[in-house]
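Below, each chain spelled out in residue letters.
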Amino acid sequence: SETSRFVQWLRCRLTDEYVWTNAEGHIESNNSHRDAVLQFDNSGNSALLSDSITFLVAASKVDMRKFVEGPVDRLQCDIHRYSKGMSRVRWPSLGGMGHDIWFTCTLRHTAGLFNITSFLRVTPATTMSAHQPDFFTVMVLMTRSPSVRVGLQKETTLHCQFAVDHKVPHLTVEWHFQRRGGRRTKLFSYSSRSGQTEGSGVAVKGIAGGDASLTVPITKVSSEGTYVCSVRVPPLNGSVDIALHIIEPPDVSLTTKEEQIPSVVCEANGFYPLDVEIDLFKETSSGQRPEKLGNILRSSHLQHHDNTHSVAAFVRLRPSPQDSGCAIYSCRVSHVSLQGLYIHKSIIGPGEIDQSIQCIKPYTSAPVTK
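Residues numbered from 1 in each chain as written. Predicted model: local features only at pLDDT ≥ 70, side-chain atom pairs only at ≥ 80, totals over all residues. Heavy atoms only, no water.

1. Things to note about the sheet that holds strand β15 (residues 225-233)
What the six strands build is an open sheet, ordered β8-β16-β15-β11-β12-β13; its pairing is mixed. The open sheet has two edge strands, β8 (147-150) and β13 (197-199), and neither has a second partner. Between one strand and the next, the sheet's axes are offset by a mean angle of 20°, whatever the strand orientation. One ladder, built from nine bridges, connects β15 with strand β16 (residues 236-246); its direction is antiparallel. Each residue of the ladder has a partner; that of Thr226, found in β16, is Ala243. (Pairing = 2+ DSSP bridges. Helix = DSSP H or I, 4+ residues; strand = E, 2+ residues; numbered from the N terminus. Axes fitted to C-alpha atoms, helices over the stretch in contact; angles between N-to-C directions.)

2. Side note on the state of the cysteines
On inspection of all chains with the given rule, the structure shows three disulfides. With a sulfur-sulfur separation of 1.7 Å, Cys266 is cross-linked through a disulfide to Cys331. Residues Cys266 and Cys331 are joined by a disulfide whose S-S torsion is about -50°; by sign, that bridge is left-handed. Of the two residues, Cys266 is situated in strand β18 (residues 263-271) and Cys331 in strand β24 (residues 326-335); the sequence distance between them amounts to 65 residues. For Cys266, a relative accessible area of 0% puts it in the buried group. The thiol sulfur of Cys105 is not disulfide-bonded, and the nearest other cysteine sulfur, from Cys77, lies at 3.7 Å. (Disulfide = S-S within 2.5 Å. Buried < 20%, exposed > 50% of the residue type's maximum accessible area, 1.4 Å probe, protein only.)

3. Some thoughts on the confidence of the model for the chain
Of the residues in the chain, 85% reach a pLDDT of 70 or more, and the chain-wide mean stands at 85. This stretch, residues 352-368, has a pLDDT under 50; its non-local contacts, to residues over four places away or in other chains, come to 47 contacts. (pLDDT = per-residue confidence, 0-100. Contact = heavy atoms within 4.5 Å.)

4. Looking at the pattern of salt bridges
According to the stated counting rule, one finds nine salt bridges in the structure shown. For Asp78, the salt bridge is made with Arg13, and the minimal N-O distance between the two is 3.4 Å. Highlighted residues: Asp78 in strand β4 (residues 75-82) and Arg13 in strand β1 (residues 9-21), separated in sequence by 65 residues. In this structure, Arg34 and Asp16 form a salt bridge, with 3.6 Å as the shortest nitrogen-oxygen distance. Of this pair, Arg34 sits in strand β2 (residues 27-40) while Asp16 sits in strand β1; the two residues are 18 residues apart in sequence, bridging distant segments of the chain. Its relative accessible area of 36% is what places Arg34 among the partly exposed residues. Several salt bridges converge on common partners, so that one network encompasses Arg13, Asp78 and Arg108. (Salt bridge = Lys/Arg side-chain N within 4 Å of Asp/Glu carboxyl O.)

5. Concerning the nonpolar core
If you look at the biggest cluster of nonpolar residues, it comprises 36 residues, and the most contacted ones within it are Phe162, Trp175 and Tyr227. Ranked by the residues each element gives to this core, the list is headed by β16, at five residues. Of all hydrophobic cores here, the second largest spans 28 residues; its members include Phe55, Leu75, Val140 and Ala163. (Core = buried A, V, L, I, M, F, W, Y, C linked by side-chain atoms within 4.5 Å.)

6. A few points about the pairing of β16
Regular strands place their side chains on alternate faces of the sheet. Side-chain alternation along β16 places Leu236, Gly238, Val240, Ile242, Leu244 and Ile246 on a buried face and Asn237, Ser239, Asp241, Ala243 and His245 on a face that remains uncovered. Relative to β16, β8 runs parallel, the two being bridged by four bridges. What sits directly across from Ser147, in β16, is Ala243. Between β15 and β16, which follow one another and run antiparallel, lie two residues.

7. Some thoughts on unusual backbone geometry
Cis geometry is found at the peptide bond from Pro234 to Pro235, where omega equals 10°. Tracing the sequence through the fold places Pro235 in the loop between β15 and β16. In this chain, Tyr272 is followed by Pro273 through a cis amide linkage whose omega measures 0°. Mapped onto the secondary structure, Pro273 falls in the loop between β18 and β19 (276-283). Even without being glycine, Asn307 reaches a positive phi, approximately 70°. For Asn307, the position within the fold is in the loop between β22 (302-303) and β23 (309-316). One non-glycine residue, Gln339, adopts positive backbone phi at about 55°. Within the element layout of this structure, Gln339 appears in the loop between β24 and β25 (342-350).

Set out below in C-alpha cells:
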C-alpha cells in the first residue's frame, strides 16, 4: 500500500448539513453524505477524479500527512463543514479572507493508532477565476492514543499534539475528564495571553512546541473515562477524545480443601473489569484428554476497597467407579486483560474413589497460555 505521507489523493466522505425553517417556523436540519477526494500539492491543477467532490489541498506550513503513519488503506477520512464562530472572521495567516469557507477533515486509523483533525479554509472562487480554488490546511490537532488500556497504580501519558500555520499570539489549551454517567470536570487549562495555568499534568514548556499531552499519575478505577484535549486558536476551536480503560488481570490460585467432601477451589483475585470466566478440568491418567468438569459452584463476586473484584469457583470430589489413585486438576481463567489468552494452573489431588491417598501438592503453574 502507498505510504500515507506521500499520497497524492485520498478518498473521503463529505457530510454536509442543510438547515431550513419549516412551515410552522421551526428550524430543521438534515445531513447528507457524498463521496469526496482530498487531492494534495496540486495548486492550480484540475481534479484527478471527476466522479467525486474534490478538495484541492495546496502546500502550506502545516501538512496533515506529516502526522500520519502507515499505508493509505488503513485510513478513514471524514470531512465536515465548520462554521462555529466563523462568520466574517479573517484567519491571520497570509491569504485569509473574511468570507472564507471552512471545513474539518478527520483521519482515523482503522486499528485505532491515531486520530487527526485538520482545519481547511478556502476562499470562494470569483467569476474571473480560471481554476478551482485551493484549500489550505491552517491547523492540525491529533492524538496517537485515542484508546488507552492501562493497569492499576500505573503512570500513563495521553498524547495530544497540535500545529498552526503561523505564530500564534493567543491560544488556550484545556483538558477535561468525564466518567460514564458523570459530570464533566476540568483537569487543566493554560492561556498564552495571560500566562495563567490551572490544574496539572501538562508540561507548559511543551505547549509552545505543540505538545499538550497529559500525564495521569497513579491510575485508579476512578481514572477510567473519557479525556478531552481542547486547543483554541481564535477563531478555531478543536478537540480530540481519548478513552482510558482500566484493565487489571486476575491473580489466580488453585487449592484443595480437606473437608467431609473434598473440593478443588480456583480463586481469581484483584481483577477489573468485572467479567471473568473460570473452567475446571480433571485428568486421571497420563496422555488422557482433560475432562471439563460440570456442576461447578461459584461464589458471589467480592468488591475490594480499590474497586477490583474477586470470585471463586469450586467442584466437590464425589466418588466415581472409574477413578482411583491421583488425578490432575486444572483451572483455566479468561479475562479481557489477557487479550485472548488465559491463566492456567494445575494441582495433583486424590482420585475420587480412594481419597485417602496423600498426593495433594502443586503440580504446575503456567501464567498465561494460549
